[in-house]
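A look at the structure
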Amino acid sequence: MWGLIRRGVLLGTTLLALFFSVQVFSGQVFSGQVLSAQGLAQGISLNGQWQFIQSHTLLSPQDLSKVQAWRTVKVPSLLNTNPTNGLYGNYRIRFNAPMRITHSERPQTLYIAGIRHNDRVYLNGERIGQVGRFTKNWQIILDNPNNLPRAYPLPNALLKPTNNELIIQIQLGFGQAWGAMLPGGVGISGNVEIIDEHTATKQYTQAVTTIHIIDSIIILLGIVDLALIVLLFKSTLHKFPEFIWLLLGSGLLFCGSLLLDIGHLQGITNDATKLTLLLCILFTPLVNAIFFNVQQRLATPAMLWSVTFGVTVCAFLLLTPFIPKEIKPAAWLVWSALTALLFIFSLVCAGLSIKQKRVGSVAMLMGLCIYILSIRTQWLPIEGLYNRNLVIGSLFFRYALVWAYFLKIKDISVRYQRLTRQMLSRLEDQKKSTARDIHDELGQYLSSAKLHLQLSEKTGQPQHHTLLKSELQNAIVSMRRIIEGLHPVVLEKRSLKEAIDMDAERLTKRNQICIEADVADLTVSLSNAAHIYRLVQELLGNITKHSQAKCAWVSIRQNKRSIIIRVEDDGIGVDHHSAASMSEGFGHVSLHERVQLLGGNIEYGIPKSRQGTFVNITLPIASD
């Protein structure tokens, strides 16, 4: 099983390397930087200064000719747009064409190496091509291309020697609210050229083939990621309660990555499918936050339910067509605010895991930071990434989580092996101790009882009968003590509170130390009560042996979510370095393993009000 997991991680790493290799190779072709010598000699480059204006409605070339408020933009580049100025963007450039182009026998093509999202193109007032659909305000569709090349053949005699006008219209977003732009920014992100049809077809085919390869690798990487999570979940002896949220979050990220031009290239036209994929995007931050919260338990269930309700309401308002459009901008802004809070919350939880020195926590934090950074850099004009910043970031995040849990499970495996060796050694010691107790105490009492019985039969003196009864009583007490050391029989007849009170009283008399126990009435199973009893026994045993304390305090409380055990003493205490290394001894190893078995956390520290040491153990209620 571990071999399969290691091979899966290796396969994912190899695919990521192949992914970036394809990007580096195709970034040269797709951006339009590499043309054949023939294309350079015969083509027209339209890069440089263009005019641009936003509009609330789609304008015809005739209407655009009457507009005066144009601003200058650079092509290729991404736009800095304002959603309040309109959902549609209009590019315009006027240029002259040399005789070798207008009178060429070869058919000419307008080749655009990359436009982010849908477009409609006019040359000299005539439409020559369109990709994708234009939508109205808050009409959300998901089948528009993300960053594809365009190759539009030019009709004969349409291109003039002078005063040609090229207009490219694009959609800037799906709603008039800050941030309601289409994923990845908008604009003409690749070179614009007029070249011969053969060169344009070759470049277009090569670019689209490269995109198909990259999208296929993305899908394969996502499948490998989900398979690795399932393998990790099935192979580990330790069941992580957050694993279900890890699997769900990875599934949502995998589906959400299909919202790029994969949907367009693969011909996804079903509206229900597209809206389901959009729901994956809307709920992913919430699921990731729940995943991190299960590890730290910073947020209460009421808080999580409130945020879930808010995200659900916002998703309903955004995706339902009959909701008034005046409400949707507010819903989008509320969802954005909730998403920001969820990411901040996830970062805090990941940071606390690092502070607690949990295995794999650094990988989790790095993956989360890369994922958040990829969301915030969707506007970067890096064509080598093919506008897949978010997809790449989500892949890093998902594989970082898998790697973190691989490290956790490996660490648990190592500690279980070490614990097994120590348990075997302890078991042998326990056998020797039990044998010694039986021989030295129980055996001696029984031998003495036998002797007094024989003397009583021979002499008939009553003192031998009295001594016989005394030795048998001592044997019974010794036998009970030996049995109690092997199994807490007291819990079968008494409550956990009574058992701990009796143990505290016994230790107080035996060790001349004042032990105060404040134990609430707990609603736990007998097996978990035995675990709690053993935890308290172990902690009190360490105090009586090592702390030199005069007093110790035991407190056990139960709330709606967990059981909190606190054991404190006023002994010599430990410094921070010693507290960090306390887990080296077998007692503390078994303590940690028992706590982990119950799905809890353990914390050592120094009390603020006195000298000494405290140990806090938090156990979830549903830990049977």
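Our subject is the structure that appears above.
These lines cover the structure that appears in this document, whether it is placed above or below. None of the values given here were measured: they were computed from a predicted structure.

The rules we used
- Residues numbered from 1 in each chain as written.
- Predicted model: local features only at pLDDT ≥ 70, side-chain atom pairs only at ≥ 80, totals over all residues.
- Heavy atoms only, no water.
- Patch = residues over 30% accessible without salt bridge, like charges linked within 9 Å, V, L, I, M, F, W, Y side chains within 5 Å.
- Areas by Shrake-Rupley, 256 points an atom, 1.4 Å probe, with all protein chains shown as cover.
- Salt bridge = Lys/Arg side-chain N within 4 Å of Asp/Glu carboxyl O.
- Helix = DSSP H or I, 4+ residues; strand = E, 2+ residues; numbered from the N terminus.
- Expected span 1.5 Å × (residues − 1).
- Buried < 20%, exposed > 50% of the residue type's maximum accessible area, 1.4 Å probe, protein only.
- Arc of directions from axis to C-beta.
- Pairing = 2+ DSSP bridges.
- Axes fitted to C-alpha atoms, helices over the stretch in contact; angles between N-to-C directions.
- Contact = heavy atoms within 4.5 Å.
- Core = buried A, V, L, I, M, F, W, Y, C linked by side-chain atoms within 4.5 Å.
- Left-handed = near helix turned anticlockwise from the far one by under 90°.
- Nonpolar A, V, L, I, M, F, W, Y, C, P; charged D, E, K, R; others polar.
- Phe/Tyr/Trp six-rings, centres within 6.5 Å; stacked < 30°, edge-to-face > 60°.
- Lys NZ or Arg CZ within 6 Å of the ring centre and 35° of its normal.
- Parallel < 35°, antiparallel > 145°, perpendicular 65-115°, else oblique.
- Disulfide = S-S within 2.5 Å.

So, about a nonpolar patch on the surface. A cluster of nonpolar side chains, Leu-298, Leu-341, Ile-344 and Val-348, forms an exposed patch at the surface whose accessible area comes to about 360 Å². Position of Ile-344 among the secondary structure elements: in helix α10 (residues 328–355).

Helix length check: helix α15 (residues 496–511), at 16 residues, gives a terminal C-alpha distance of 22 Å against a target of 22 Å (1.5 Å per residue), a fit within 8%. Three or more residues of α15 are buried, namely Leu-496, Ala-499, Ile-500, Asp-503, Ala-504 and Leu-507. Looking down the long axis of α15, one finds its buried residues gathered within 135 degrees of arc, a one-sided arrangement. Backbone geometry just after α15 places Gln-512 at a positive phi near 55 degrees.

Let us now look at the sheet that holds strand β16 (residues 601–605). Strand pairing in a sheet relies on backbone hydrogen bonds, with the paired strands running either antiparallel or parallel. Taken in spatial order, the 5 strands make up an open sheet running β13-β14-β15-β17-β16, and their pairing is mixed. The two strands at the open ends of the sheet, each matched to only one other strand, are β13 (514–519) and β16. The mean inter-strand angle of the sheet, taken between neighbouring strand axes irrespective of direction, is 10 degrees. Where β16 and strand β17 (residues 613–620) come together, 5 bridges link them in antiparallel fashion. Bridging from a neighbouring strand, Tyr-604 pairs with Val-615 of β17. Most of the contacts of α15 go to β13, to which it runs at about 175 degrees, and overall it touches β13 and β14 (551–558). With respect to the sheet, helix α16 (residues 526–547) is in contact with β13, β14, β15 (562–569) and β17, its orientation differing from that of β15 by roughly 15 degrees.

Another aspect to go through is the environment of Phe-283. Within the secondary structure, Phe-283 sits in helix α8 (residues 271–296). Taking the C-alpha atoms as reference, Phe-283 lies 9.0 Å from Thr-339; in sequence the two are 56 residues apart.

Turning our eyes to something else, we now look at unusual backbone geometry. Residue Pro-76 follows Val-75 across a cis peptide bond; omega there is 0 degrees. Locating Pro-76 in the fold gives a position in the loop between β3 (71–75) and β4 (77–78). A positive phi is found at His-117, a non-glycine position, where the angle reads about 90 degrees. Assignment of secondary structure puts His-117 in the loop between β6 (108–116) and β7 (119–123). Phi at Lys-357 is positive, roughly 60 degrees, even though this residue is not glycine. Here Lys-357 shows up in the loop between α10 and α11 (361–376).

For the rest of this paragraph, the subject is the nonpolar core. With 63 residues, the main nonpolar core has Phe-292, Trp-332 and Tyr-405 as its most contacted residues. Elements with a minimum of two residues in this core: α5 (197–235), α6 (243–257), α8, α9 (301–319), α10, α11 and α12 (389–459). Among residues more than four places away in sequence, those in contact with Tyr-405 are Leu-232, Phe-240, Glu-242, Phe-243, Leu-246, Phe-291, Gln-295 and Met-364.

Before going further, it helps to examine the packing of α9 against α10. Running from N to C, α9 and α10 cross one another at 145 degrees; their axes reach a closest spacing of 9 Å. The two elements α9 and α10 cross, and the hand of that crossing is left-handed. Here Val-307, Gly-310, Val-311, Cys-314, Leu-317, Leu-318 and Leu-319 of α9 lie close against α10, whose contacting residues are Lys-328, Ala-331, Trp-332, Val-334, Trp-335, Leu-338 and Leu-342. Among the residues making up the contact of α9 with α10, the classes are represented as 12 nonpolar, 1 polar and 1 charged.

Tallied over the full model, the rule gives 12 aromatic pairs. Centre to centre, the rings of Trp-50 and Tyr-91 are 6.0 Å apart; their planes meet at 90 degrees, and the pair counts as edge-to-face. Taken together, the positions of Trp-50 in strand β2 (residues 48–55) and Tyr-91 in strand β5 (residues 88–95) put the pair 41 residues apart, joining distant regions of the chain. In this structure, Trp-50 and Tyr-91 share a single accessibility class: buried. Three or more aromatic residues joined by ring pairs form one cluster here, namely Trp-138, Phe-174, Trp-332 and Trp-335. Above the ring of Trp-70, the side-chain terminus of Arg-92 is found at 4.0 Å from the ring centroid. A cation over a ring is seen here: Arg-566 above Phe-614, with NZ or CZ 4.2 Å from the ring centre.

This brings us to the environment of Leu-159. Relative to the helices and strands, Leu-159 is located in the loop between β9 (148–153) and β10 (164–171). Sequence separation between Leu-159 and Ile-101 is 58 residues; the distance between their C-alpha atoms is 8.4 Å. In contact with Leu-159, other than residues within four places in its own chain, are Phe-95, Ala-97, Ile-101, Thr-102, Leu-123, Asn-124, Leu-154, Asn-164 and Ile-194.

The next subject is the environment of Ser-336. Structurally, Ser-336 is set in helix α10. Sequence separation between Ser-336 and Ala-180 is 156 residues; the distance between their C-alpha atoms is 9.7 Å.

Attention now moves to the pattern of salt bridges. For the structure shown, the criterion picks out 9 salt bridges. Residue Asp-225 pairs with Arg-398 through a salt bridge whose shortest N-O separation is 3.4 Å. In this pair, Asp-225 is assigned in helix α5 and Arg-398 in helix α12, connecting sequence segments 173 residues apart. For Asp-225, a relative accessible area of 0% translates into the label buried. Taken together, the salt bridges that share partners define one network made up of Arg-92, Arg-94 and Glu-165.

What follows is about the packing of α15 against α16. Running from amino to carboxyl end, α15 crosses α16 at an angle of 15 degrees, the nearest separation of the two axes being 11 Å. One finds that α15 runs roughly parallel with respect to α16. For α15 against α16, the interelement crossing comes out right-handed. Contacts between α15 and α16 pair Leu-496, Ala-499, Ile-500, Asp-503, Arg-506, Leu-507 and Asn-511 from the former with Ala-529, Ile-532, Tyr-533, Val-536, Gln-537, Leu-540 and Thr-544 from the latter. Residues that form the contact of α15 with α16 fall into these classes: 9 nonpolar, 3 polar and 2 charged.

Moving on, we get to the state of the cysteines. Enumeration according to the criterion identifies 0 disulfides in this entry. Cys-514 carries a free sulfur, and the closest cysteine sulfur to it, the one in Cys-551, is 4.2 Å from it.

On to the pairing of β6, then. Residues in a regular strand project their side chains so that they alternate between the two faces of the sheet. Among the 9 residues in β6, 9 count as buried, and that is most of the element. Where β6 lies against strand β12 (residues 192–196), 5 bridges are found, and the strand directions are antiparallel. Along β12, the bridge assignment pairs Gln-108 with Asp-196. Of the pairings in the sheet, the one linking β6 to β9 comprises 5 bridges and is antiparallel in character. The residue of β9 that forms the bridge with Thr-109 is Pro-153. Where β6 lies against strand β11 (residues 187–188), 2 bridges are found, and the strand directions are antiparallel.

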